[in-house]
Amino acid sequence: MPRVMRIGRVELKVLDLEKSVDYYTKIIGLQETGRMGDSVYLKAWDEFDHHSLILTKSNTAGLAHLAFKVETLEDLAYYEKQVEKFGCTTTRISRGARLGEGEAVHFILPTGHHCELYTEIDFLGTAVGTLNPHPWPLGAQGIAPHRLDHCLLTGDDLKTVTRFFIEALNFRQSERITSVDGEELLGSFLFTTNKAHDLAFVKGPDAKLHHAAFFVDSLHDVFKAADILSMYEVPFDVTPTRHGITRGETIYFFDPSGNRNEAFASGYMTYPDMPTITWTEDKIGQGIFYHRRELSESFMKALT
Ligand code: FE
């Protein structure tokens, strides 16, 4: 079975396009790589492909779609069949429908989110290149994360969406949150790479975004992100702390449209033979915020 390589892009709906571009370039530190219609395309300095984030002007905030990259056209056709076999309808999105992208396979997740698989996208290269590269580029602005890391989405039927990613897309589950009796699935953390998670779900309304996360190297970088966000007076949701789940170091904040972002560092590595870690609902506070040990109302309720 081929593997899905990674989360490749997210398209976020934003209310004020120019304000959002300003935030994602100056404060997050992404690079604008193109514009088409009401959309602006951006990439992080350490990413090779044309874009990992699309900002699209809309009347509401939230996730327009997220997409996973596969290695070859054969893999794309293979997973298209797998998705159909699971019972989700697929449609092909034609080359050129968005900037720099080849054909994509679109379907709707059991949680109502728009999802795509693709393999072809223009290659731009990283800011440091591939010949005798420096470790990071001089003159990078803002938080300057390496890459898009993962998304957390909300949905009602987490058992089915977990089964979808495992059975149709060959993902594995690193961690889960269950009711104390183990009957109900309240959170599901899924991976296809060696990362602690590439995509996660928590129980909540269908088709909503909890956050999109960007990867930074270390706790020091999370702290520096907090400094930068304070300099620009960006609203925080959660100041730097550690996750019990994934063991990552984290900070949460909001973009100008209210979409939650995360700067995420570390986290353990996963392997195909790791058993799934379980957190019970009574320990969920520790699971999400290891130090504070309780969830805040904004963290639970602010969704786009
Ligand atoms: Fe996260």
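Analysis parameters
Residues numbered from 1 in each chain as written. Predicted model: local features only at pLDDT ≥ 70, side-chain atom pairs only at ≥ 80, totals over all residues. Heavy atoms only, no water. Donors = N, O, S within 2.8 Å, 3.2 Å for Na, K, Ca; no water. Helix = DSSP H or I, 4+ residues; strand = E, 2+ residues; numbered from the N terminus. Buried < 20%, exposed > 50% of the residue type's maximum accessible area, 1.4 Å probe, protein only. Contact = heavy atoms within 4.5 Å. Pairing = 2+ DSSP bridges. Axes fitted to C-alpha atoms, helices over the stretch in contact; angles between N-to-C directions. Phe/Tyr/Trp six-rings, centres within 6.5 Å; stacked < 30°, edge-to-face > 60°. Lys NZ or Arg CZ within 6 Å of the ring centre and 35° of its normal.

A few points about the coordination of the iron ion
Stage number 1. The protein atoms donating to the iron ion are His150 (NE2), His211 (NE2) and Glu262 (OE), with metal-donor distances spanning 2.0 to 2.1 Å.
Stage number 2. Mapping the donors of the iron ion onto the primary sequence yields the spacing H-x60-H-x50-E. Taken together, the residues His150 in strand β9 (residues 147-155) and His211 in strand β13 (residues 208-216) connect sequence positions 61 residues apart. This pair shows no difference in class: His150 is buried, exactly as His211 is.

Some words on the side chain of Lys195
Stage number 1. For Lys195, the location among the structural elements is in the loop between β11 (185-191) and β12 (199-203).
Stage number 2. What makes Lys195 buried here is its relative accessible area of 18%.
Stage number 3. Among residues more than four places away in sequence, those in contact with Lys195 are Ile7, Arg147, Asp149, Tyr268 and Thr270.

Describing the environment of Gly29
Stage number 1. Tracing the backbone shows Gly29 in the loop between α1 (17-27) and β2 (31-36).
Stage number 2. Spatially, the C-alpha atoms of Gly29 and Pro240 are 19 Å apart, while their sequence positions differ by 211 residues.

A few points about the sheet that holds strand β6 (residues 91-93)
Stage number 1. Strand order in the open sheet formed by eight strands is β2-β3-β4-β1-β5-β8-β7-β6, and the pairing between neighbours is mixed. Each edge of the open sheet is held by one strand with a lone partner, namely β2 and β6. Geometrically, the sheet is characterised by an average inter-axis angle of 25° between neighbouring strands, direction not taken into account.
Stage number 2. Both β6 and strand β7 (residues 104-108) contribute to a ladder of three bridges, which runs antiparallel. Each residue of the ladder has a partner; that of Ile93, found in β7, is Ala104.
Stage number 3. Sheet strands in contact with α1 are β1 (6-14), β2, β3 (39-43) and β4 (53-57), and its direction is about 160° off that of β4.

Remarks on the packing of aromatic side chains
Stage number 1. In this structure the tally under the stated criterion is 13 aromatic pairs.
Stage number 2. Residues Phe164 and Phe165 carry aromatic rings whose centres are separated by 5.3 Å and whose planes lie at 90° to one another, so their mutual orientation is edge-to-face.
Stage number 3. By relative accessible area, Phe165 is classed as buried at 0%.
Stage number 4. On the basis of an interplanar angle of 70° and a centroid distance of 4.8 Å, the ring pair of Phe289 and Phe299 is categorised as edge-to-face. Separated by ten residues along the polypeptide, Phe289 in the loop between α5 (284-288) and α6 (297-301) and Phe299 in helix α6 bring together distant segments of the chain.
Stage number 5. Ring-pair connections join several aromatic residues into one group, and the members of that group are Phe68, Phe86, Phe107, Phe164, Phe165, Phe171 and Phe201.
Stage number 6. Over the aromatic face of Tyr118 sits the side chain of Arg9, whose NZ or CZ is 4.1 Å from the ring centroid.
Stage number 7. Its guanidinium or amino end placed over the ring of Phe215, Arg147 lies 4.2 Å from that ring's centre, counting from NZ or CZ.

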